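Below are the chains, spelled out letter by letter.
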Amino acid sequence: MATLNPTRDVVFPVLLFLLLLLAFFYLSPRNQNFLRTTDSPFSTPPSDLQTTHPTVQTPSAAPLPSSSSDENVSTRGWVPSNSTGGASSTSASDDGSVSEEILKMSPEMQIEKGLAKARAAIREAIRSRNYTSEKEETFIPRGNVYRNPYAFHQSYIEMEKRFKIWTYTEGDLPLVHNGPVNSIYATEGQFMDELERGNSQLLARQPDHAHVFYIPISVFRIAQYIYSPPVNYSGNYLERLVTDYIHVIADKYPYWNRSTGADHFLVSCHDWAPGISTVHPDLYKNFIRVLCNANTSERFKPMRDISLPEVNIPRGKLGPPHLDKPPNHRHILAFFAGRESGYMRTLLFNSWRENDNEIQVYEHLPKNKSYSESMADSRFCLCPSGWEVASPRIVEAIAAGCVPVIISDYYVLPFSEVLDWSKFSIHVPSNKIPEIKRILKAVPISWYLKMQKRVRQLQRHFVINRPAKPYDLLNMVFHSIWLRRLNVRLPLLSS
């Protein structure tokens, strides 16, 4: 008869129990559902960027590496990891056909396999410094206005090939499925309308096939109808409406609970939108907020949230006019016209309101001057924050071929994961406003000409088209959302 070994028979079950406990903790959705992928090609941002143009400091949507010149791209400080071994995984063959093995997988597995292949393709574009595409491209990003044009180009191709969005159908007009398509809040409504019309190639046919999920609530409509007549802001109604909507879709579908919101997003250009997540921060801690009011002093997190360009859209149009003039026809050093809204503009008016011929600052533009023409006649356009950090003047300046002067504190600039704003704009913090003239006059003419050329180069990224066109403003927003999803690994609901 075999003899018992007390040490072995006691220690082995204890070790087995500890291993099972550790595995349960690691694999539980609470600990794994929004893990950032370590094999992401968007993992390590450059370390020499200004805090004015914030960059993501975690694997989530980190910026592309800086270019060393207009022709050569440096991957300094940005080495993607291959630790997961997922680079060779594929959801489809290179010719677009889907293998029988892939078809047997669950939708979640197919999505993760596709994301692994996308990451590998982006890493390869960085390594080879090569532009590759399966179709003829109408536009290829080039030059150091992009942090890494090769990575951006490949990432955009992968987005067009794979990315799918599910728009929740729950909710009724006018608060849901209905956003403003004109005014300074119009980016919110134009984005919503692009998806709600059902023609976008990015729409998923079934929620199981979606990479991300859109909460189609309009904060502007809530402010318009629930807070009418206008009253001082009280977040109770707004926060309850959005939170109740999330509870509805979380009870009806498995997707929110699977990721605790890490693959869900809301788009808003209204000033009140950041306040949605203040009452229940745990509920929204992974939720992607696409906001015009991208203010890091108000809990905006670049690694998770997305800065939405603010565009003032007149009725019957899709944006500001393009009145581009060559540099030698621009006789005004710097220009601004607008109301005194917010402390940043008060500081600007205190220093420069109608007291300098070269720095032309107006609260009320003279009748003999055209706003758009004045921007087109200026080398630099002043873009101060108003009541909130965002300003439609940035898009207006770019449309006019005018180098933007960003006068703001705590503002995360749009598309800064891809665009290197230091190459085509100038930042002036609030404490340097009295020095604007000295700062702008110190810019060498050769550098100004490069910046102005780059502004014209990237105009397509700040134009709204309906339907959306490649690399335009709406598709750049989609790409920013794609980057967040590309860098998040979710647990699988089934094998």
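The rules behind each value
Residues numbered from 1 in each chain as written. Predicted model: local features only at pLDDT ≥ 70, side-chain atom pairs only at ≥ 80, totals over all residues. Heavy atoms only, no water. Disulfide = S-S within 2.5 Å. Helix = DSSP H or I, 4+ residues; strand = E, 2+ residues; numbered from the N terminus. Buried < 20%, exposed > 50% of the residue type's maximum accessible area, 1.4 Å probe, protein only. Pairing = 2+ DSSP bridges. Core = buried A, V, L, I, M, F, W, Y, C linked by side-chain atoms within 4.5 Å. Contact = heavy atoms within 4.5 Å. Salt bridge = Lys/Arg side-chain N within 4 Å of Asp/Glu carboxyl O. Axes fitted to C-alpha atoms, helices over the stretch in contact; angles between N-to-C directions. Polar contact = N/O pair within 3.5 Å; in protein donor to acceptor, adjacent residues only side chain to side chain. Patch = residues over 30% accessible without salt bridge, like charges linked within 9 Å, V, L, I, M, F, W, Y side chains within 5 Å. Areas by Shrake-Rupley, 256 points an atom, 1.4 Å probe, with all protein chains shown as cover.

Caption draft 1: Expanded view of the state of the cysteines. The tally for this structure, following the rule as stated, stands at two disulfides. Between the sulfur atoms of C269 and its disulfide partner C292 the distance amounts to 1.8 Å. Linking C269 and C292, the disulfide has an S-S dihedral of approximately -80 degrees and is accordingly described as left-handed. Of this pair, C269 sits in the loop between strand 4 (264-268) and strand 5 (288-291) while C292 is found in the loop between strand 5 and strand 6 (306-307), placing the two residues 23 residues apart along the sequence. Comparing C269 with C292 shows no difference in burial state: the two are buried. The connectivity of the disulfide bonds within the chain can be written as 1-2, 3-4, using the sequence rank of each bonded cysteine.

Caption draft 2: Just the sheet that holds strand 4, in detail. In spatial order, the strands read 2-3-4-5-6; together these five strands make up an open sheet with parallel pairing. Where the open sheet ends on each side, the last strands, each with one partner, are strand 2 (165-167) and strand 6. By the bridge criterion, four bridges tie strand 4 to strand 5 in an arrangement that is parallel. Looking across to strand 5, one finds that V267 is bridged to V290.

Caption draft 3: Highlighting the nonpolar core. Counting residues in hydrophobic clusters, the biggest one holds 125 residues, and the most contacted among them are F191, F265, F380, L382 and I436. Tallying contributions element by element places helix 15 (residues 473-486) first for this core, with nine residues. Excluding residues that lie within four positions of it along the chain, I436 makes contacts with L348, W352, I359, L382, I407 and V428.

Caption draft 4: Layout of the pattern of salt bridges. On inspection of all chains with the given rule, the structure shows 28 salt bridges. Here E417 makes a salt bridge to R484, at a shortest N to O gap of 2.3 Å. In this pair, E417 sits in the loop between strand 10 (403-407) and strand 11 (426-428) while R484 sits in helix 15, placing the two residues 67 residues apart along the sequence. We note that E417, like R484, is buried. Via salt bridges that share partners, E134, E158, K161 and R162 belong to a single interconnected network.

Caption draft 5: Looking closely at helix 6 (residues 186-196). Along helix 6, nine of the eleven residues are buried, which leaves the element largely enclosed by surrounding structure. Along helix 6, the positions that sit buried rather than exposed are A186, T187, E188, G189, Q190, F191, M192, E194 and L195. On its buried face, helix 6 sits against strand 2, strand 3 (212-214), helix 7 (219-225), strand 4 and helix 15. Just downstream of helix 6, G198 is the residue with a positive phi angle, here 85 degrees.

Caption draft 6: Inspection of the sheet that holds strand 10 at higher detail. Strand order in the open sheet made by the five strands is 8-7-9-10-11, with parallel pairing throughout. Each edge of the open sheet is held by one strand with a lone partner, namely strand 8 (359-362) and strand 11. Looking at each pair of strands side by side, their axes are set apart by 25 degrees on average, direction ignored. The strands touched by helix 10 (residues 343-352) within the sheet are strand 7 (332-337), strand 8, strand 9 (378-384) and strand 10, with strand 8 carrying the most contacts at an inclination of about 125 degrees. Contacts from helix 14 (residues 445-457) reach strand 9, strand 10 and strand 11 within the one sheet, and its direction differs from that of strand 10 by about 95 degrees.

Caption draft 7: Geometry of the side chain of N475. As for its placement among the helices and strands, N475 is situated in helix 15. Every residue in contact with N475, bar those within four places of it in the chain, is listed here: Y156, M159, L202, A468, K469 and P470.

Caption draft 8: Representation of the side chain of T187 in the model. As for its position among the elements, T187 is in helix 6. Only 3.5 Å separates the side chain of T187 from the backbone nitrogen of V311, close enough to count as a polar contact. Beyond its immediate chain neighbours, meaning those up to four positions away, T187 contacts C269, L308, P309, E310, V311 and L473.

Caption draft 9: Spatial organisation of a nonpolar patch on the surface. Together, Y225, I226, Y237 and L241 make up an exposed nonpolar region whose accessible area comes to about 370 Å². Following the sequence through the fold, I226 ends up in the loop between helix 7 and helix 8 (236-252).

Caption draft 10: Looking closely at the environment of Q452. Structurally, Q452 can be placed in helix 14. For Q452, a relative accessible area of 2% translates into the label buried. Taking the C-alpha atoms as reference points, Q452 and P404, 48 residues apart in sequence, are found 9.4 Å from one another. In contact with Q452, not counting residues within four places along its chain, are D324, K325, P327, R330, G401 and V403.

Caption draft 11: Main features of unusual backbone geometry. Look at the link from L173 to P174: it is a cis peptide, with omega at 5 degrees. Among the secondary structure elements, P174 is positioned in the loop between strand 2 and helix 6. The omega angle of the peptide bond from R466 to P467 is 0 degrees, so this bond is cis rather than trans. Topologically, P467 is positioned in the loop between helix 14 and helix 15. One non-glycine residue, R129, adopts positive backbone phi at about 50 degrees. Of note, R129 is situated in the loop between helix 4 (107-128) and helix 5 (149-162).

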